[in-house]
Amino acid sequence: MASELVKHITDASFESDVLQPGTTVLVDYWAEWCGPCKMIAPILDDVAESYKGKVVIAKMNVDENREIPAKFGIRGIPTLMMFKDGQLAATKVGALNKTQLSAFIDQHI
């Protein structure tokens, strides 16, 4: 079961959900058919709990939302993008384990 702390975003909500000053948001670009995306989902739920109040964890389905993934040149999924104060701060492509994901987040908060 997905965590209620993980925010599901769309092309339409991207600007208001992600590009706000004073926020740090990790966006997971994923698709239903993607095996590695399914592997990382419970890790994102765990991390959402650990970083509650510091980082917003968000997911964007690339099959249902084409505009934002195209804008950022998403070619492979899962792709994780860290946005800080409305600016893209870092990108990782591929599934990460919890240690790798926490290290990636810690570098950018």
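Keep in mind that this is a model prediction, so the values were computed, not measured.

What follows covers the pattern of salt bridges. Pairing between side chains of opposite charge can happen when the charged atoms of each approach one another. For the coordinates displayed, the defined rule picks out three salt bridges. With a closest N to O distance of 3.4 Å, Lys-7 and Asp-17 form a salt bridge. Taken together, the residues span a long stretch of sequence, with Lys-7 in strand β1 (residues 6-8) and Asp-17 in helix α1 (residues 14-18) at a distance of ten residues. As a salt-bridge pair, Lys-59 and Asp-28 come within 3.0 Å of each other at their nearest N and O atoms. Of this pair, Lys-59 sits in strand β3 (residues 56-61) while Asp-28 is found in strand β2 (residues 24-30), placing the two residues 31 residues apart along the sequence. Of the residues examined, Lys-59 reaches a relative accessible area of 10% and is grouped as buried. Accessibility expressed as a relative area gives 0% for Asp-28, which makes it buried.

About the criteria used
- Residues numbered from 1 in each chain as written.
- Predicted model: local features only at pLDDT ≥ 70, side-chain atom pairs only at ≥ 80, totals over all residues.
- Heavy atoms only, no water.
- Salt bridge = Lys/Arg side-chain N within 4 Å of Asp/Glu carboxyl O.
- Helix = DSSP H or I, 4+ residues; strand = E, 2+ residues; numbered from the N terminus.
- Buried < 20%, exposed > 50% of the residue type's maximum accessible area, 1.4 Å probe, protein only.

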